[in-house]
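What follows is the residue order along each chain.
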Amino acid sequence: MGGTYIGYDAKNKVAQATNLQDYNVITASHAGMTYTIEKSGGNVFVQKGKGKPVQIAALKGILDSAELTVRSTPKGLTLLTISNSYGEPHINSETYQVLLKDGKLIRQNHADF
């Protein structure tokens, strides 16, 4: 789970740690930008350095076992691809794509199979 182990509290039977990772979001960095997606609502954010995150898209779905990849196109656009498996036993798949130009949404699509 990442983080830093502090110790075990034997009296309360609790392991203590700080800086634990939050798995309710998925993130990827590309070209100095950090892209974050909320798994519970599908909101997509971009953040430059330590700046304030700005919402750039909404996927209108709930993500389960998801992966985010970000790449630049030859014409200078940025393409985010979100692959998600869901259901039990995760046999359903869907893919979202978000296309950005100068940090602004120009196209978004979704395929579910």
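Structure: above.
Within every chain, residues take consecutive numbers counted from 1 along the sequence as written. With the structure being a predicted model, the display of local features is reserved for residues of pLDDT at least 70 and the display and counting of side-chain atom pairs for 80 or more, all residues being used for whole-chain, interface and lining totals. Just so you know, side-chain values use all the structure's heavy atoms and leave hydrogens and water out.

Enquirer: So what's going on with the overall build of the protein chain? Residues and values would help.
Expert: Numbering of helices and strands starts at the N terminus; helices are DSSP runs of H or I of at least 4 residues and strands are runs of E of at least 2. Scanning the protein chain from N- to C-terminus turns up zero helices and 10 strands. Start at the N end of the protein chain and walk to the C end: the helices and strands fall as β-β-β-β-β-β-β-β-β-β. A globule of 113 residues ought to have a C-alpha radius of gyration of about 13 Å, yet the protein chain, at 17 Å, is considerably larger. Along the first, second and third principal axes, the C-alpha set of the protein chain runs to 60 × 35 × 20 Å. Throughout, exposure labels follow a simple rule: accessible area from a 1.4 Å probe, protein chains only, divided by the maximum for the residue type, with under 20% read as buried, over 50% as exposed, and the rest as partly exposed. The buried share among the 113 residues of the protein chain stands at 28%. The contact criterion used throughout is that any non-hydrogen atoms of two residues lie within 4.5 Å. Taking all contacts inside the protein chain whose residues are at least 6 apart in sequence as the whole, residues at least 24 apart take part in 20%. We compute the radius of gyration from the C-alpha atoms alone; for a globule the expected value is 2.2 Å times N to the 0.38, where N is the number of residues.

Enquirer: Please give an account of the sheet that holds strand β9 (residues 92–101) that cites residues and values.
Expert: The antiparallel open sheet is built from four strands, whose spatial order is β7-β8-β9-β10. Taken across any chain shown, the strands that pair with only one partner, and hence form the sheet edges, are β7 (65–72) and β10 (104–112). Direction aside, neighbouring strands of the sheet carry axes that sit 15 degrees apart on average. Whether two strands pair depends on DSSP finding at least two bridges between them. Inspection of the sheet shows β7 paired to strand β8 (residues 78–86) by eight bridges, in the antiparallel sense. When the bridges of β8 are listed, Leu68 appears paired with Ile82. Lines fitted to the C-alpha atoms define the axes, with helices restricted to the stretch that makes contact. Angles between their N-to-C directions range from 0 to 180 degrees.

Enquirer: So what's going on with unusual backbone geometry? Residues and values would help.
Expert: Note that the residue after Glu88, namely Pro89, is joined by a cis bond; omega there is 20 degrees. By secondary structure assignment, the location of Pro89 is in the loop between β8 and β9. For Ala31, which is not a glycine, the phi torsion comes out positive at approximately 50 degrees. Turning to its location among the elements, Ala31 is positioned in the loop between β3 (25–30) and β4 (33–38).

Enquirer: Can you break down the layout of surface pockets residue by residue, with the values?
Expert: Two kinds of site are reported from a 1 Å grid over the protein atoms alone, namely cavities, where a 1.4 Å probe fits but cannot get out, and pockets, open sets with protein on both sides within 12 Å along at least five of seven lines, and residues are called lining when an atom falls within 4 Å of a point. Grid points are joined across faces, edges and corners, and a volume is the space filled by probe spheres set on the points. Roughly 160 Å³ of internal volume is contained in the largest pocket. Around the largest pocket, the lining comprises 14 residues; the ones closest to its centre are Met33, Tyr35, Thr78, Asp102 and Gly103. Secondary-structure elements contributing two or more residues to the lining of the largest pocket are β4 and β9. Across the lining of the largest pocket, the residue classes tally to seven nonpolar, five polar and two charged. Under the scheme applied, nonpolar residues are Ala, Val, Leu, Ile, Met, Phe, Trp, Tyr, Cys and Pro; charged residues are Asp, Glu, Lys and Arg; polar residues are all the others, including Gly.

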